[in-house]
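Survey of secondary and tertiary structure
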Amino acid sequence: MKKLKELTEKMKRKSSEDRKYVSYEDVPLAEYRDSDPVPNNLTKKFFRVFIIIFLGVVVVLALVNLDKLTPENIYHWFQYDLLGKTEGTGYPIRYIGTSINTENFSLMDKSPVYCSDTSVVVLNSNAGEYQNNQHSFANPILKTDKEYSIIYNADATGYRIINRDTTLYSGSADRKLFDADIAENGTYALLTYGNDYLSTLTVNDRNNNKIYSYSFAEYYVSCVSVNSSGTRAALSGISAKDGGLISVIYILDFGQKTYYQKYEFEDSYIYDICYLDNDKVVAVGDTSVYHIDIDNKNMTELSYDSKNLTTYTMKRNFGVLISLSTNPDGRECDVVAINSEGKKIVDVETGNKILSLDYRSDKICALFPNNIGIYNMEGKEIGVIESNPDSRKICFCDSETLYVLGISNIYQIPAKYKEEK
């Protein structure tokens, strides 16, 4: 046996010497390692350079997006962008609930948000759900401003504050709500029926602490808009005088006990009001648009010249878009754009009935019964996009995307069009 073992070892050694390729079975691991490895100091230098470049990129991105580095946004990025929590199956989708009022379909930043008769839903660009929460409001109204939305139960007391990902707060007002609004910084205002007054405004900060209150004894104030910094508000209301109607606009500063400015209009009813980003105010009435330059205490009226208002959209960063028709049934409408300085910059005949208007990046989109018209700031139609016959409201997301509310579906339409010559 010993001789046989010696003979076997001798044959294996001879076989290994004769082979052109080395067998890893016959050679110890230490003998066939790479004879020219990368030096340790070079590897360490590479990783140091990589880490320095990576940290530099992170710092630059953080400085550029410093205003967006909130805990909510960091959480959202981790949950949804990094982990891909919501993927979605793409548009169109059937919305949850049996009905959505057009005022309850909007964008929170660039995310579609809607409030139906049963649920509050925020969607991503592929129709995935950031959140989907039921509510019990009989008459829900949605107001949005970039990262926040407030949903309140009109003529009741309940309300909610949400961001893109979750419900931040659910509360109840002291009395029934006329209106509500929320600012870019999370400050929100509740306009309620008064107890010993006709109306009362209550303002809370983003932590839901009361910071201001004002009561109105002369007017039923029913509309409120808070400025983006949460320091002032514009409000409108109505009253009777000598058998006629009189409307009012108040400008309130949350650091003052009395109203800051007040404007009255006879025989005019104000539908809505908006505090613009340039510290000016626009209000849409039944016969005119009103523009208020707060710093110069100057009010400008832009009349409809006996035309009928059919729809409107107010944008904090732009001004107001209105649709005017000479026909009582709303056919053959004109698109009119009034900028944040109170100047009429677009007035164009479309020859169509206008269902909805929106603005984004110096472009105006008008939703017609069968298509969407795109206009520039000179009033020239620069393109036409096909739309669904059941379309009711349009939201201009960015230069590439439009969202449209239908009778039972939500559509995403690429903003690709053939420019009209």
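Residues numbered from 1 in each chain as written. Predicted model: local features only at pLDDT ≥ 70, side-chain atom pairs only at ≥ 80, totals over all residues. Heavy atoms only, no water.

Scanning the chain from terminus to terminus reveals three helices and 32 strands. In the chain, the proportion of contacts linking residues at least 24 apart, taken out of those at least 6 apart, comes to 40%. (Helix = DSSP H or I, 4+ residues; strand = E, 2+ residues; numbered from the N terminus. Contact = heavy atoms within 4.5 Å.)

Right, let's get into the pairing of strand β2 (residues 105-108). Where burial is concerned, the two faces of β2 agree: the one with F105 and L107 and the one with S106 and M108 are both buried. As paired strands, β2 and strand β3 (residues 111-115) are joined by four bridges and run antiparallel to one another. Each residue of the ladder has a partner; that of L107, found in β3, is P112. What sits between the antiparallel neighbours β2 and β3 is a turn of two residues, in which D109 has the positive phi angle 60°. (Buried < 20%, exposed > 50% of the residue type's maximum accessible area, 1.4 Å probe, protein only. Pairing = 2+ DSSP bridges.)

Let us look at the environment of A337. Looking at where A337 falls in the secondary structure, it is placed in strand β24 (residues 333-339). We classify A337 as buried; its relative accessible area is 0%. Residues A337 and G379, spaced 42 residues apart in sequence, show a C-alpha to C-alpha distance of 9.0 Å.

This brings us to the pairing of strand β14 (residues 220-226). Side-chain direction in a regular strand flips from residue to residue, so the side chains alternate between the two faces of the sheet. In terms of burial, β14 is a largely internal element, five of the seven residues being buried. In the sheet, β14 pairs with strand β15 (residues 232-241) via six bridges, with the strands oriented antiparallel. Bridge assignment links S225 to a residue of β15, and that residue is A234. The antiparallel hairpin formed by β14 and β15 contains five residues in its connecting segment, where G230 sits at a positive phi of about 70°.

Moving on, we get to the pattern of salt bridges. Counted according to the given criterion, the structure contains 13 salt bridges. Here D181 makes a salt bridge to R316, at a shortest N to O gap of 2.9 Å. Taken together, the positions of D181 in strand β10 (residues 177-182) and R316 in the loop between β22 (308-315) and β23 (319-325) put the pair 135 residues apart, joining distant regions of the chain. R316 shares its class with D181; the two are buried. Between R232 and D253 there is a salt bridge, with the nearest N and O atoms lying 3.0 Å from each other. With R232 in strand β15 and D253 in strand β16 (residues 244-253), this residue pair connects regions lying 21 residues apart in the sequence. Look at D253 and you get buried, because its relative accessible area is 16%. Because the salt bridges share partners, they merge into one network encompassing D145, D181 and R316. (Salt bridge = Lys/Arg side-chain N within 4 Å of Asp/Glu carboxyl O.)

Attention shifts here to the nonpolar core. Core analysis: the largest hydrophobic core is formed by 20 residues, its most contacted members being L191, L201, F216 and L235. Taken together, the elements giving at least two residues each to this core come down to β11 (188-193), β12 (199-204), β13 (210-216), β14, β15 and β16. In terms of residues, this core owes the most to one element, β16, which gives four residues. (Core = buried A, V, L, I, M, F, W, Y, C linked by side-chain atoms within 4.5 Å.)

A separate point is the sheet that holds strand β20 (residues 288-293). Spatially, the four strands line up as an open sheet ordered β18-β19-β20-β21, and their pairing is antiparallel. Each end of this open sheet is capped by a strand with a single partner; those strands are β18 (270-275) and β21 (298-303). With strand direction ignored, the average angle separating the axes of adjacent strands in the sheet is 15°. Relative to strand β19 (residues 280-285), β18 runs antiparallel, the two sharing five bridges. Bridged to I273 within β19 is A283. (Axes fitted to C-alpha atoms, helices over the stretch in contact; angles between N-to-C directions.)

What follows covers the confidence of the model for the chain. When pLDDT is averaged along the chain, the result is 87, and 81% of the positions lie at 70 or above. Every residue in residues 19-25 scores below 50 in pLDDT, and together they form three contacts with partners more than four places removed in sequence or on other chains. (pLDDT = per-residue confidence, 0-100.)

This paragraph deals with the side chain of Q261. The residue Q261 is located in strand β17 (residues 261-266) in this model. Given the relative accessible area of 5%, Q261 is considered buried. A distance of 2.4 Å separates the side chain of Q261 from the side chain of Y263, its partner in a polar contact. Within polar-contact distance, the side chain of Q261 engages the backbone oxygen of I294 at 2.8 Å. When neighbours within four sequence positions are excluded, Q261 is seen to be in contact with I249, Y250, I251, I292, I294 and K297. (Polar contact = N/O pair within 3.5 Å; in protein donor to acceptor, adjacent residues only side chain to side chain.)

The next point concerns the sheet that holds strand β31 (residues 401-405). Strand order in this open sheet of four strands is β1-β32-β31-β30, and the pairing throughout is antiparallel. At either end of the open sheet lies a strand with only one pairing partner, and these are β1 (93-94) and β30 (393-398). Across two bridges, β1 lies against strand β32 (residues 409-414) in antiparallel orientation. The residue bridging R94 from the neighbouring strand is N409, located in β32.

Note on placement: D267 falls in the loop between β17 and β18. The spacing of D267 and D286 is 19 residues in sequence and 9.7 Å in space, taken between C-alpha atoms.

We now examine the side chain of T200. Residue placement: T200 occurs in strand β12. A distance of 3.3 Å separates the side chain of T200 from the side chain of S215, its partner in a polar contact.

A word on unusual backbone geometry. Negative phi characterises most residues that are not glycine, and trans characterises most peptide bonds. In this structure, P92 follows Y91 across a cis peptide bond, with omega equal to 0°. Inspection of the secondary structure assignment puts P92 in the loop between α3 (71-82) and β1.

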